[in-house]
Amino acid sequence: MSHKPAEIQNSGTFAVWRWIVFICVPFGWFLIWLMGSEIISGESIFGICGFRQKHDLPCPFCGMTTSAKLFLEGNFLDSLKAQPAGFILCIFSIAVWVESAILLIPAVRRKRSFFIKWKLRVLLLAALVIILLSWGWKIFYETIIYE
């Protein structure tokens, strides 16, 4: 198992990605705040959920905006209830943003990224499992507990 040296990981490509993350994560949070405050409509951006209309069940991503809005307001338990995957995504996005901000500091640039250590397959598999478990929770919550 070969690892790239820190010098390669901190070369131009990785620095560009750190800047992209550093800029895009707050922009995404700002969009979520705008949708949560109903300044812009999420339906106008994403459309109406066809999965819910066809199957009368929540799709795997239903509730993500609500979960993020509740997270931004500090209602962490309600955020977790609204969409567990959304809650985890909120925490993950903050962690990724903080790490990219730290690694943009010139004195720290030689350090190795925590997320590069993980294989992309592991992260994608973990995301898939979290989304499927959250989807199961949403179906259970809306069909058994909520009704």
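Located above this text is the structure these notes cover.
These figures come from a predicted structure and were not determined experimentally.

## Describing the packing of helix H5 (residues 64-72) against helix H7 (residues 84-103)
- The interhelical angle for the contact between H5 and H7, taken along N-to-C directions, is 55 degrees, at an axis separation of 8 Å. Overall, the two elements H5 and H7 adopt an arrangement that is oblique. For the element pair H5 and H7, the recorded crossing hand is right-handed. Of H7, the residues touching H5 (which contributes Met64, Ser67, Ala68 and Phe71) are Ala85, Gly86, Phe87, Cys90, Ile91 and Ile94.
- In terms of residue class, the contact of H5 with H7 is made up of eight nonpolar, two polar and no charged.

## A word on the packing of aromatic side chains
- This model, assessed by the stated rule, comprises seven aromatic pairs.
- When the centroid spacing of 5.6 Å and the interplanar angle of 70 degrees are considered together, the rings of Phe71 and Phe87 count as edge-to-face. A residue pair is termed long-range when its members are at least 10 positions apart, and Phe71 in helix H5 and Phe87 in helix H7 qualify at 16 residues. For the residue pair Phe71 and Phe87, the accessibility class agrees, reading buried in each case.

## Structural notes on the side chain of Ser67
- Residue placement: Ser67 occurs in helix H5.
- Ser67 sits in the buried class, given a relative accessible area of 0%.
- The residues contacting Ser67, other than those within four sequence positions of it, are Ser79, Ala82, Gln83, Gly86 and Phe87.

## Quick notes on H7
- Here H7 is 20 residues long and its end C-alpha atoms lie 29 Å apart, about the 28 Å a rise of 1.5 Å per residue gives.
- Regarding H7, the residues found buried are Pro84, Ala85, Gly86, Phe87, Cys90, Ser93, Val96, Glu99, Ser100, Ala101 and Leu103.

## Considering the environment of Phe87
- Classification of Phe87 by relative accessible area gives buried; the value is 16%.
- Linking Phe87 and Leu70, residues 17 residues apart in sequence, is a C-alpha distance of 9.0 Å.
- Apart from residues no more than four positions distant in its own chain, Phe87 is found in contact with Ser67, Phe71, Phe76, Ser79 and Leu80.

Conventions we followed
- Residues numbered from 1 in each chain as written.
- Predicted model: local features only at pLDDT ≥ 70, side-chain atom pairs only at ≥ 80, totals over all residues.
- Heavy atoms only, no water.
- Axes fitted to C-alpha atoms, helices over the stretch in contact; angles between N-to-C directions.
- Helix = DSSP H or I, 4+ residues; strand = E, 2+ residues; numbered from the N terminus.
- Parallel < 35°, antiparallel > 145°, perpendicular 65-115°, else oblique.
- Left-handed = near helix turned anticlockwise from the far one by under 90°.
- Contact = heavy atoms within 4.5 Å.
- Nonpolar A, V, L, I, M, F, W, Y, C, P; charged D, E, K, R; others polar.
- Phe/Tyr/Trp six-rings, centres within 6.5 Å; stacked < 30°, edge-to-face > 60°.
- Buried < 20%, exposed > 50% of the residue type's maximum accessible area, 1.4 Å probe, protein only.
- Expected span 1.5 Å × (residues − 1).

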